[in-house]
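Single-letter residue listing:
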Amino acid sequence: MSTPFAPTIAGSTLPLPPRPTTDSTRDIPSDVLRGDLRRFRASGFRHMDLVDTWISPADLTPRQLRTLADELADHDITLAGLSVIRRSIVDPVHGADNYAYTRRSIEAAAALGAPILSIGFHRPLTAAQRDWGAFWSVPGPTDGEREYTRAVPALTELCALAADFGIELSLELYEDTLVGTGARTMRLIEATGAANLGVNADLANLHRAPRPLEETWSQTLDLVLDRMNYWHVKNYRRVENYPHGPYLAWPTPLADGDIDYRAALHRARAAGYAGPLCVEHYGGDALTAQTAGLRYLTDLLETM
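These numbers come from a predicted model, not from an experiment. (Residues numbered from 1 in each chain as written. Predicted model: local features only at pLDDT ≥ 70, side-chain atom pairs only at ≥ 80, totals over all residues. Heavy atoms only, no water.)

**Concerning the packing of aromatic side chains**
How we decide: Put simply, two rings from Phe, Tyr or Trp (the six-membered ring, in Trp's case) pair if the centres are within 6.5 Å, and we call them stacked under 30 degrees between planes, edge-to-face over 60, tilted for the rest. Burial classes follow relative accessibility: with a 1.4 Å probe on protein chains only, a residue under 20% of its type's maximum area counts as buried, one over 50% as exposed, and anything between as partly exposed. Two limits define a charge over a ring: the Lys NZ or Arg CZ must be within 6 Å of the ring centre, and within 35 degrees of the ring normal.
The full count for this structure, using the stated rule, is 7 aromatic pairs. Measuring from ring centre to ring centre gives 5.2 Å for Phe-135 and Trp-136, while their planes differ by 75°; the resulting arrangement is edge-to-face. With respect to class, Phe-135 is no different from Trp-136; both count as buried. Between Arg-187 and the ring centre of Tyr-148, over which it is positioned, the NZ or CZ distance is 3.8 Å.

Have a look at this one:
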């Protein structure tokens, strides 16, 4: 008998509006927090990928973390993990602050009972990316050997701290960064040598890049499969005009894009993937689009 394959399907908090806390004495109003959680739960998800664009756990006091944990429990929501975005620890300007923020995020993940913290090397959107809207269509900052040299010892230290708290770290694939291809990602992981460091295989981040692709989504998946421990799933359609572009990409429902998640899930199952599937979407009614992704994945897993 084959081993059951039933990964947790989580919804992203990306569609929820930002709820910043300005200082340690000001709480997010309870009715606002509960309203967000009710909307999330009503969308069909019982598991959450808590992205720090909604609430930043690293900036919460211990009391606020307990309140958040209690509210999640009251709404029958379990954390699949936390995702920290645009907080690169090798950012040339904010690297030191981002490193400290990541340390606090590890501690917050432990306080909230989240088993995985997803981090990355993508930096804040540039003014041009913000103005354009479809930010992935505008090239952003790039990483090179200098950033790689700085990343290895910093990641090693963060992995050691995470291990002390029983937390896994996951590197989110992202274009133009140190994890901008499967090959570069594996180089970094092998150099770090930490058993609790894995890959968040956000294949769509790489597939949408406005240039010729170094790897197909399928090649990237093959390269990182053995170290995957988290998985942001979304989809895009991509058009390349022969012979020199332009290269266009736009978000689609999870079932309708270029990435074949039926095939990807079969390969993940064969490789023994045991992490969650965290559904994301950009644009429009993203929460409804994520709900459609939940139905698609649920139906798909039932046939495997």
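**Observations concerning the pairing of strand S3 (residues 78-83)**
Going by this rule: Runs of H or I in DSSP of at least four residues are treated as helices and runs of E of at least two as strands, each being numbered from the N terminus. Criterion used throughout: strands pair if DSSP finds at least two bridges between them. Handedness of a crossover is defined as follows: with both strands directed away from the viewer, a clockwise route from the first strand across the helix to the second makes it right-handed.
In terms of residue burial, S3 counts as a mostly covered element, since 5 of its 6 residues are buried. Bridging between strand S2 (residues 47-51) and S3 involves 5 bridges; their strand directions are parallel. Its bridge partner being in S3, His-47 is matched across the sheet by Thr-78. Crossover S2 to S3 through helix H2 (residues 62-74) is right-handed. Judged from the 2 bridges that link them, S3 and strand S4 (residues 116-119) form a sheet pairing that is parallel. Bridging across to S4, Ser-83 finds its partner in Ser-118.

**Structural notes on the pattern of salt bridges**
For clarity, the cut-off: Just to be clear on terms, a salt bridge is a Lys or Arg side-chain nitrogen sitting within 4 Å of an Asp or Glu carboxyl oxygen.
Per the counting criterion, the structure on display carries 18 salt bridges. Of the charged contacts, one joins Arg-63 and Asp-27 as a salt bridge, the two residues approaching to 3.2 Å between their closest N and O atoms. Placement of Arg-63 in helix H2 and of Asp-27 in the loop between strand S1 (9-12) and helix H1 (30-42) is noted, with a sequence separation of 36 residues between them. Overall, Arg-63 belongs to the partly exposed group, its relative accessible area being 40%. Connected through salt bridges with shared partners, the residues Arg-19, Asp-36 and Arg-39 form a single ionic network.

**Some remarks on the state of the cysteines**
The criterion, for reference: For the purposes of this analysis, a disulfide is any pair of cysteine sulfur atoms at a distance within 2.5 Å.
Applying the stated criterion to the full structure yields 0 disulfides. Lacking any disulfide linkage, Cys-159 is separated from the closest cysteine sulfur, that of Cys-278, by 19 Å. Among the residues examined, Cys-278 registers a relative accessible area of 0% and is labelled buried.

**Some remarks on the nonpolar core**
This is how the line gets drawn: The term nonpolar core refers to a set of buried residues drawn from Ala, Val, Leu, Ile, Met, Phe, Trp, Tyr and Cys, joined through side-chain atoms within 4.5 Å. Should any heavy atoms of two residues lie within 4.5 Å, those residues are counted as being in contact.
One finds Phe-121, Leu-188 and Trp-231 to be the most contacted residues of the largest nonpolar core, which totals 83 residues. No other element matches helix H5 (residues 145-164), which puts 9 residues into this core. Filtering out sequence-adjacent residues up to four positions away, Trp-231 remains in contact with Asn-200, Ala-201, Leu-221, Tyr-261, Ala-264, Leu-265, Ala-268, Tyr-273, Pro-276, Leu-277 and Cys-278. Of all hydrophobic cores here, the second largest spans 5 residues; its members include Ala-10, Ala-80, Tyr-230 and Cys-278.

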